[in-house]
Amino acid sequence: MRKMNKIAAVTLAAISAMAFVGCGNEAAAPAFAFYQGDRVDAATGKMEFSTDLFYRNDKKNNGAADPYVLDNTTRDGYYYIFTTNGYFSTSRSKDLVTWEEVGPTLNAWSADSELLEIVWEDIWAPEVVYDPDTELYYMHFSASPRNSSTMDMLLMAAVSENPYGPYDVVNFLDPESCGEENVHVYDESYYNEPMAKYLFLNPEKHYEFSTTQTGKGRKYPGAIDPHAFVDDDGKKYLYYVDNIGLNFITVVEMENWLKPKWETAQLVTATRFWTVEDFKAYKENSTIPADGYVTYEALNNTINEGPVMTKHNGKYYLTFSINSYEKSDYAVAQAVADSPLGPFRKLREEENGLLLSSLAQGSNEVSGSGHHSFITANDQMYVIYHRHDDFVTAGAARNPAVDEIEWVTIEDINGKQIDVMYANGPTWNVQPLPFGEYQNIATEAAITGLEKDNAKYLFDELLSVCKTDTDFHVKYVNETILTKTTTIAFDFASPRKIRAVMLYESKFEDSVFKTATVYLDTADGKTYTMNLKLMDELYACNDYSGEIEYVQPGAAIFAEFAQTEVTRVRVTVPVEKDQSQVGISEIRILGLAEGK
């Protein structure tokens, strides 16, 4: 991401400096410099912006897929992202936006190593977990040996003293490599292929579990997308995908990060089925589930992959990707259980079962948003996922992106209160930095100018971004509706230092506001006025009628300016003559924490 030319606060006047007149009959206000995205970066063809306030999910030159982010900040101050790019690549960041490549990641490809033929292709989805007891980092990943069509996509493990590696692949027949307690015992005369000793899952035990649970009978069951989870009680779990044919996600409790407790292994999802119990009933007697098949999984879908486990308020949330990664309908779904071992129930559409989907969202810029991980920074949860480099062609070329996650309390299909995840994305436009010095303080102000029930949507932290309305979106993700030109005031109890104001647009094209006016009432009695407009790149109009036909999900009219101490921020949003209403998804005021 390129920093905007001369966008620092001290040079804002060089970009956009104008004198404005205050409200009513006020005398001419002092000149006030601000910027609203009206300069284009020649390198990206998109608006320039201040990188000390905002980020944008631009395509990265070294883009890759299957992003997993390790929070290592308590040990060395960095987040590490591990991705798939024909091999593994690792980068680190302190802000989740600016990354530097580190490594090498995996110690497997020296010319004299037998691993050169074993870790040959399908080198996918590395995830890393730190164990404070051993003070080591454990990587789990999948790979295929050379020239193999029936022994491909196999789970392996590697260990390092450092988060960035190099990681040494574990040999499970060598006690010095894996530890005496983790040595695999199996029929070595049958499982005699060179890669067998490097398999993280004991091939004999894995075959027995996979055959009895899924009905598959391959000598080496395929497995990909491992994910480690540590519960509050310290118990360790590993989730992975049985991916040959119809996908199943499996969980197994771990004695340590190299030894599964096979007696605990459970299937937790089956592709196209709401529950594993539905799948088992179908398997036994071809019974079609009473509630049918999962509505947001394609009819020919064989994919449930990329599992991630999150614990929240005593519930366990399994998020996973569905449909083909090469297609636009690749997306993230969520399921819930009372135990990390399940049983899990995939949430319905009316429960926001489809968590992150560029196709359902109706985006004209983003395609294939999936295979994700989560991170929490500054008390805000984020999803890191990949998306296609090219919206039109989709395919295998992908790039990481990051957006906000919120929790919403709903009534589930059984009439009980439950929290579910909601994604403020995928986005393709400027958003506030995760670690920005200036954070949203609009929620700390007293708001006037609107009825309470209408005003609450301005600061519920839920961006209205999904154009395909489900019952969930209609009931729980609303906009503040204006039927006439309205001024909304944000009054602070004490003067606050701010740098930007963002007015998020309606997702409905006929409710978009193309202009707005923002007034800053300062601590020293001045009023600064900014007449703002929606930048052209954020929407599209009909060539003949001029009506707005499309607005980007997550788009905002915004203004950034030199730090200004205010007591009040006022926002006037017009309702034009040809509109019955406009909708505001959210208003954010980026300022310093109180007392700074």
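K.L.:
Is there a simple way to explain the environment of threonine 485 in this structure?
P.N.:
Mapped onto the fold, threonine 485 is located in the loop between β30 (480–482) and β31 (486–505). Along the sequence, threonine 485 and valine 582 sit 97 residues apart, while their C-alpha atoms lie 9.2 Å from each other. Sequence-distant contacts of threonine 485, that is, excluding residues within four places in its chain, are made with Thr572, Val573, Pro574 and Val575. A polar contact is formed between the side chain of threonine 485 and the backbone nitrogen of valine 575, at a distance of 3.2 Å.

K.L.:
Please explain the nonpolar core as it appears in this structure.
P.N.:
In a soluble, globular protein the nonpolar side chains are often hidden away together inside. The biggest cluster of nonpolar side chains holds 81 residues, and the ones touching the most others in it are Phe490, Leu520 and Val569. When sequence neighbours within four positions are dropped, the list of residues in contact with valine 569 reads Ile488, Ala489, Phe490, Phe492, Ile498, Val501, Val518, Tyr519, Leu520 and Ile589. Counting residues in hydrophobic clusters, the runner-up holds 31 residues, among them Tyr137, Val169, Tyr191 and Tyr198.

K.L.:
Explain the sheet that holds strand β7 (residues 100–102) here, please?
P.N.:
In sheet architecture, strand pairing relies on hydrogen bonds along the backbone and comes in two forms, parallel and antiparallel. Overall, antiparallel pairing links the four strands, which are arranged β4-β5-β6-β7 in an open sheet. Of all strands in the sheet, those bounded by a partner on one side alone are β4 (65–72) and β7. For this sheet, the mean inter-axis angle between neighbouring strands, taken without regard to orientation, is 30°.

K.L.:
When you look at the pattern of salt bridges in this model, what are you seeing that I'm missing?
P.N.:
Side-chain pairs of opposite charge can arise where the charged atoms are in close proximity. Throughout the structure, instances matching the rule amount to 26 salt bridges. Ionic pairing is found between lysine 59 and aspartate 389, a salt bridge with its closest N-O pair at 3.9 Å. Here aspartate 389 lies in the loop between β24 (380–388) and β25 (398–411) and lysine 59 lies in the loop between β3 (54–55) and β4, a separation of 330 residues in the sequence. Of the residues examined, lysine 59 reaches a relative accessible area of 53% and is grouped as exposed.

K.L.:
What am I meant to see in the sheet that holds β25 here?
P.N.:
With respect to topology, four strands assemble into an open sheet ordered β23-β24-β25-β26, the strand pairing being antiparallel. Where the open sheet ends on each side, the last strands, each with one partner, are β23 (370–377) and β26 (417–424). The average undirected angle you get between the axes of adjacent strands in this sheet is 35°. Both β23 and β24 contribute to a ladder of six bridges, which runs antiparallel. What sits directly across from serine 373, in β24, is isoleucine 384.

K.L.:
What exactly am I supposed to notice about the environment of threonine 393 here?
P.N.:
For threonine 393, the position within the fold is in the loop between β24 and β25. Measuring from C-alpha to C-alpha, the distance between threonine 393 and serine 367 comes to 9.3 Å, with 26 residues separating the pair along the chain.

K.L.:
Teacher, can you tell me more about the packing of aromatic side chains here?
P.N.:
What describes a pair of aromatic rings is the distance from one ring centre to the other and the angle between the planes of the rings. Evaluated as defined, the whole model comprises 23 aromatic pairs. Where phenylalanine 32 meets phenylalanine 561, the ring centres are 5.6 Å apart and the plane angle is 50°; that geometry is what we call tilted. You can see phenylalanine 32 sitting in strand β2 (residues 32–35) and its partner phenylalanine 561 sitting in strand β36 (residues 556–573), a full 529 residues away along the chain. Ring geometry for phenylalanine 229 versus tyrosine 316: centroids 6.3 Å apart, planes at 85°, classification edge-to-face. Pair noted here: phenylalanine 229 is in strand β13 (residues 223–230) and tyrosine 316 is in strand β19 (residues 315–322), with a separation of 87 residues, a long-range link. Note on phenylalanine 229: relative accessible area 9%, which makes it buried. We classify tyrosine 316 as buried; its relative accessible area is 6%. Chaining the aromatic ring pairs together yields one cluster made of Phe248, Phe273, Phe279, Tyr282 and Tyr293. The aromatic ring of tryptophan 428 is capped on one face by lysine 46, whose charged end is 3.9 Å from the ring centroid. The ring centre of tryptophan 274 lies 4.4 Å from the NZ or CZ of arginine 348, which sits over that ring.

K.L.:
Got a minute to help me understand the packing of helix α4 (residues 203–214) against helix α5 (residues 276–285) in this structure?
P.N.:
Relative orientation and spacing of two packed helices are given, respectively, by the angle between their axes and the distance between those axes. Where α4 contacts α5, the axes come no closer than 10 Å and their chain directions differ by 75°. The angle between α4 and α5 falls in the class roughly perpendicular. Contacts between α4 and α5 involve Thr212, Gln213 and Thr214 from the first element and Phe279, Lys280 and Lys283 from the second. Of the residues in the contact of α4 with α5, the class split is one nonpolar, three polar and two charged.

K.L.:
I'm lost on α4 in this one. Help?
P.N.:
Residues three or four positions apart in an α-helix share a direction because the helix packs 3.6 residues into each turn. Given a rise of 1.5 Å per residue, twelve residues ought to cover 16 Å, and the 16 Å separating the end C-alpha atoms of α4 matches this to within 8%. Residues of α4 that are buried: Pro203, His206, Phe209, Ser210 and Thr214. Around the axis of α4, the buried residues are gathered within 130° of arc, so they sit on the same side. In α4, the exposed positions angled more than 90 degrees off the buried face are occupied by Glu208 and Thr212. Where the residues of α4 are buried, they touch β13, β14 (236–242), β15 (248–256), β17 (266–270) and α5. Near the N-terminus of α4, the side chain that reaches the backbone nitrogen of glutamate 204, with its oxygen 3.0 Å away, is that of asparagine 202. Trailing α4 by a residue or two, glycine 215 shows a phi angle of about 85°, which is positive.

K.L.:
Any chance you could explain the side chain of serine 585 here in plain terms?
P.N.:
One can find serine 585 in strand β37 (residues 582–591). Serine 585 gets classed as buried once you look at its relative accessible area, which sits at 1%. Apart from residues lying up to four places away in sequence, serine 585 is in contact with Tyr457, Leu458, Leu462, Leu463, Ser464, Glu479, Tyr504 and Glu505.

K.L.:
Looking at this structure, how should I read the pairing of β17?
P.N.:
Taken residue by residue, a regular strand's side chains alternate between the two faces of the sheet. Taking burial as the measure, the five residues of β17 include four buried ones, the bulk of the element. Bridging between β15 and β17 involves four bridges; their strand directions are antiparallel. By the bridge assignment, phenylalanine 248 is partnered in β17 with alanine 270.

K.L.:
Would you explain unusual backbone geometry in this entry?
P.N.:
Working note: non-glycine residues mostly have negative phi, and peptide bonds are mostly trans. Cis geometry marks the peptide bond from glycine 165 to proline 166; its omega dihedral reads 5°. Examined against the element boundaries, proline 166 turns out to sit in the loop between β11 (154–160) and β12 (167–169). Omega for the peptide link from glycine 425 to proline 426 comes to 10°, which places this bond in the cis form. In this fold, proline 426 is placed in the loop between β26 and β27 (431–432). We note that leucine 96 has phi near 65°; this positive angle belongs to a residue other than glycine. Relative to the helices and strands, leucine 96 resides in the loop between β6 (88–93) and β7. The residue glutamate 461 is not glycine, and still its phi comes out positive at about 70°. Turning to its location among the elements, glutamate 461 is positioned in the loop between α7 (452–455) and α8 (471–476).

K.L.:
Sorry, what's going on with a negative patch on the surface here?
P.N.:
Taken together, the side chains of Asp543, Glu547, Glu549, Glu576 and Asp578 make up a negatively charged region of the molecular surface. Along the chain, the position of glutamate 549 falls in strand β35 (residues 548–551).

The rules behind the values
- Residues numbered from 1 in each chain as written.
- Predicted model: local features only at pLDDT ≥ 70, side-chain atom pairs only at ≥ 80, totals over all residues.
- Heavy atoms only, no water.
- Helix = DSSP H or I, 4+ residues; strand = E, 2+ residues; numbered from the N terminus.
- Contact = heavy atoms within 4.5 Å.
- Polar contact = N/O pair within 3.5 Å; in protein donor to acceptor, adjacent residues only side chain to side chain.
- Core = buried A, V, L, I, M, F, W, Y, C linked by side-chain atoms within 4.5 Å.
- Buried < 20%, exposed > 50% of the residue type's maximum accessible area, 1.4 Å probe, protein only.
- Pairing = 2+ DSSP bridges.
- Axes fitted to C-alpha atoms, helices over the stretch in contact; angles between N-to-C directions.
- Salt bridge = Lys/Arg side-chain N within 4 Å of Asp/Glu carboxyl O.
- Phe/Tyr/Trp six-rings, centres within 6.5 Å; stacked < 30°, edge-to-face > 60°.
- Lys NZ or Arg CZ within 6 Å of the ring centre and 35° of its normal.
- Parallel < 35°, antiparallel > 145°, perpendicular 65-115°, else oblique.
- Nonpolar A, V, L, I, M, F, W, Y, C, P; charged D, E, K, R; others polar.
- Expected span 1.5 Å × (residues − 1).
- Arc of directions from axis to C-beta.
- Patch = residues over 30% accessible without salt bridge, like charges linked within 9 Å, V, L, I, M, F, W, Y side chains within 5 Å.
- Areas by Shrake-Rupley, 256 points an atom, 1.4 Å probe, with all protein chains shown as cover.
- Lys, Arg positive; Asp, Glu negative; His and termini not counted.
- Charge placed at Lys NZ, Arg CZ, Asp CG, Glu CD.

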